[in-house]
Amino acid sequence: MVEKRSRKGFPKMVRVLLSASISSWLALWICFGLVGRSSAQVDTTISRQESLSVELPCPVNVDKCGKLHSLNWFKGDDRIAAMLLGESNVTSVDKEFDKRVTVKQNPYSLVIRDLKIADEDIYLCDTTFFIPEETCDNFNGYRIALRVLVPPTEVVILDAKGDRIENGSSVGPMQERQSLKATCTVKNTRPQPEVGWFRGTKRLTTYSPSHDLHNGLYTTTLELDWPLTREDLAQDIECRVKSAAIPNTTVTKFRVDLQVRPTSIDINGVKHHTVQGSKVVLTCDIHGARPAVNLTWYNSTTVINPSENDLTEIRIKSFEKNDGTYHTQSELIFNASRFENDRAFRCEAENVVLQINREKPISSALTLEVLYPPVVKVSPSDIITKTGEVVLLNCEYVANPASLTKVEWYRNDDLVNVNDTSHYNGGNSENVALVIKSTERDDIGNYSCQLSNTIGKGISDQKINLDVHYVPSVEILMIPEGPVKESDESNVTLFCNVLDANPLALTKVRWYANSTLLKELPDCEETREDLCHIDPSKLLLESIGRGFFYNYSCEGFNSAGWGPRSEDKELMVHYEPGPSTLTHFPLVAVKKKSVTFSCSVDDPGYPDTNRYRWLRGGRGPLQDIVTKDWTVEPVGLDSRTNYSCYAYNEGGKGVMATVNLEVHAPPFFIKNLPPYTGVLHSSPNATLTCRIECVPRCEISWQKDGEPIEKNDTRYFVKEKYMEASPATGDFESMLSVLHFNMPSWPLGKFDIEADNANYTCVSTGNSVGTSIRSRTYFGIEYAPDNVTVSENIVYVQEDTIPGRVICKARANPEPSYKWLFKNETIANGNALIINKSMKRTNNGTYTCLSYNKHGNSIAKTVIEVQFKPRCEIERREIDDQDTLICTAYGNPVESDFSWTIKADNETVEDLGSGDKKSFSEKSFYVLQADYAISRTYRCVANNTIGPGTFCEIEVAAASSLLIWWQEQLAWWQLWEKNTLIILVAAILGLLLTVIIICCIIICICRRRRRQDKLHDKSSSLGEPLTEPGEYENLPFHGLQTAPNKPLNANSFEDEFIYADLESQHYGPINYKAASLYTQVKKNKKSGALDEPK
């Protein structure tokens, strides 16, 4: 039976009567099934995420219900797919779902791909069986609730202004007692999510969430209005979202930057008292604040500012606790002094919460007691007295504790012995003031008072200055201090300096010269009023000259009377030496020798002079020469100048003397001839040059082999030039002479390489300071190497031995260099070819000696023959219809003798002679006999002048009729070369492979054409009826709409009926199996062939 639901939701029944006896029972069973379907519950629920694939199962129990006829899939009341079972399973899917829905078998299920929200519904798998069994319990079909899950696109938290709060971020700052308002929105999800606000494990009280449904997706919003307390410190405010569409709870959180007021303040440090100078540390701790507090220290009512006092330091540090509040700790560090005694130190703290709420800062205070030593003050500050008077020195103080343990007086920081009662009174703890009974000169000084208690000691910052007057003692000072130059005509000031006096100021001074009174100042006579109102301690001497050379002294007067006279002090006056006289020896200086200058004066001046200054060429003075005699050595061109000198001392310099120095030079070569002069024999010109320094002037001549060259010799001509002195090189005036070789006048216009080699000499005359000099050069005629020879043209050497040396010689000037070449590589340098390694046959060849100098090169060759024993090879050929063995020798020398032997299977050896060499020197031929009956081994040994080589052999099998026939068959290819045989075999294999590929292509084409012919035969048979028309008259659906003469389209339903026939279990008015297969055959657009279904 097949059941079909209409799109209206009302079931229609189409029954196939299999037998008359059970038709009524089947109808009743179907009715009960329909009634049961309308009230059946969902069998299972499947949830799957949007855009994924889901498989909906359809359980079919064949054992309980019998053979399955067909099944239908319904989405709600609409059928979306059907499967008709039989030999050919026909599946139909509604065209709305044909691209996404597939009906599967074994097991039966419905697969929905690319799941969409609209796919959420209750799906029914409705089954129809041919003959339902009584045990079948599948009357209502199988219902599946499909839930489409869509994860939220995002979870957003917004603040009260509608601004987004990012996940994990912080909001604020906010203060306790404020209300936190936020909104959590879960967007575009399905099914409805569960949303809640949490703080840790505590769920926060909120309003009910609101849900907005749009296009099947929910957007859920939950608002939060929460009063903030300290419990919210360091806590995350979380929006938690639970949904079947997400595997885990989604948490979006933020943290509130909550500000709270401090809860406590405490100050601690000194418990009882402290001592002045000790470091005091007061610590102030503030707890429970966020943010950290701002802290201020007070000394009573005054704010403590460390920047105003370098000895005061405030350290502040804050620690964040686990609850988010801060513990702020501040340390006030200072050195205790008497000014902090009995002062209250207060720590005051506040943060932004207290400020916004206009609350007072919290504070804590501590009163400090400081013990300190006495603070001392003395008076009066200045006392002026005379010797023998009584003086009182006062001392006052403050201290904690106030009782004194010790009293000390100091004069100029030295302890005063107050126990000397003959001179002092007081100066103890009962009477702190000090009394001096009778003043003396030693009492002058600065007095201070030092007092001590149990804490320490204090000394007065101020001092009492006690002054006692007495007569002066003096000394003479001069400005300038040192000797005075007469030439400066300067002034000298004498000072009568007080060494010791009180008061220091002098009211009168007496001046003495060589113990004779010069003047008493001031002089207030009417005629000398200019000397009345002056400082008497100064005496000015003007325009100092030799007449002021005296010993000066003075004595001073103050309120105590005249003091003693000072010691004498000499005033020294310097003056310069007289004019100088300059001489030198010798009168005419010679180059590279010495000359001595002498400078003298008649008046040495004061002090007596022994120092002189020298000038050269008007430049100077020379700093390193100060003696009266100066030796110049060696004399050179730069010595030809003027020289000056003068004497000098501290008084100045005398009159200068000057002379001019004349310098001569003996003959000397500036440019001499080289020891050797080489000229190419074919050179078109040649010269010899010499240059001689000579003052006075001298002459130059030329010689060849000791004989003068005459001026009328046309082979030569001489050019001379007088050269001026050269300050750059230091050369004096010189003669330059060049001897030219007039080559056109020489035989053949060139030099003879043998006859024209000679010694040439350049000779000068002498002068007044030197004798004649000469320079000689050997004039050599040069040419490129020629006549190159080697000692051995051919060298024979046996392999693995060392050859003898080969000497290469050549004629050349200059002497040639040599190198040996082999295969274009240098193997040795020098004229001897010495090979110190064993020779190999690869070293065989020509060795070249290259002789060369700067004018050219030339070569000679020698051949080295490396000789070695021959090796042999045997080959078998047919020559002149004879089976022949050929033994070839490879050795040096090539010519070899041969020896043939034969070894049979019984190990007997037979000498076969030397064979036939024919016209070859390195080959031997041996003709095999045709009637041998056993297998034999033929050996060949080659022998040359070096010796016999190793034997070579070849195996020859025993002769038989079959072997002889086989040899006759193989004779044609044995004559071929090996490469020819390889090419022939490769060609045959390539041809065979080509034939195989062509056969495979023909077979594939034939098989494809056969398949296409079969498909055409099937399609033509589909038009023939498969059953007789009369068979349908007795069926219950006789008279219904005629089925179309076409197979069921698997992609769409053209109507709401399924057609069936009973012929051979085929369904429909035609052969459905064959027809359905044909509908799936596709035509290839390129080839036109029909492709079978896979």
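The numbering scheme is per chain: residues are counted from 1 as the chain's sequence reads. Confidence filtering applies because this is a predicted model: local features only for residues at pLDDT of at least 70, side-chain atom pairs given and counted only at 80 or more, and all residues used for totals across whole chains, interfaces and linings. Values reported for side chains reflect all heavy atoms of the structure, with hydrogen atoms and water molecules removed beforehand.

Whenever strands of a sheet pair, they do so through backbone hydrogen bonds, lying parallel or antiparallel. Should DSSP find at least two bridges between two strands, the strands are regarded as paired. A run of H or I in DSSP counts as a helix once it spans at least four residues, and a run of E counts as a strand once it spans at least two, with each numbered from the N terminus. Pairing is antiparallel across the open sheet formed by four strands, whose spatial order is S22-S24-S28-S27. Only two strands of the sheet have a single neighbouring strand rather than two, namely strand S22 (264-268) and strand S27 (313-320). Direction aside, neighbouring strands of the sheet carry axes that sit 15° apart on average. By the bridge criterion, eight bridges tie S27 to strand S28 (residues 326-335) in an arrangement that is antiparallel. Counted as the bridge partner of Ile316 is Ser330 from S28. With axes taken as lines fitted to C-alpha atoms, and helix axes fitted only over the stretch in contact, angles between N-to-C directions fall between 0 and 180 degrees.

So, about the pairing of strand S9 (residues 109-112). By the alternation rule, side chains of S9 split into Ser109 and Val111 and Leu110 and Ile112, which are all buried. Note: strand S8 (residues 101-104) against S9, four bridges, orientation antiparallel. If you follow Thr102 over to S9, its bridge partner there is Val111. Linking two consecutive strands that pair antiparallel, namely S8 and S9, is a turn of four residues; a positive phi of about 60° is found at Asn106 within it. Only protein chains enter the accessibility calculation, which uses a 1.4 Å probe. A residue is then buried if its area is under 20% of the maximum for its type, exposed if over 50%, and partly exposed in between.

Let us now look at the sheet that holds strand S21 (residues 250-259). Strand order in the open sheet made by the five strands is S14-S21-S20-S16-S17, with mixed pairing throughout. The outermost strands of the open sheet, each flanked by one partner alone, are strand S14 (169-175) and strand S17 (202-203). Two strands pair when backbone bridges link them, and strand S20 (residues 236-242) and S21 are joined in this way by six bridges, in the antiparallel orientation. Residue pairing in the sheet places Asp236 in a bridge with Arg255 of S21.

What follows covers the state of the cysteines. For this text, the term disulfide refers to a pair of cysteine sulfurs within 2.5 Å. Going through the model one piece at a time under the given rule, you end up with 13 disulfides. Across the disulfide, Cys690 is cross-linked to Cys762 (sulfur-sulfur distance 2.0 Å). Residues Cys690 and Cys762 share a disulfide whose torsion about the S-S bond is about 50°; that sign makes it right-handed. Of the two residues, Cys690 sits in strand S61 (residues 686-695) while Cys762 sits in strand S66 (residues 758-764), which places them 72 residues apart along the sequence.

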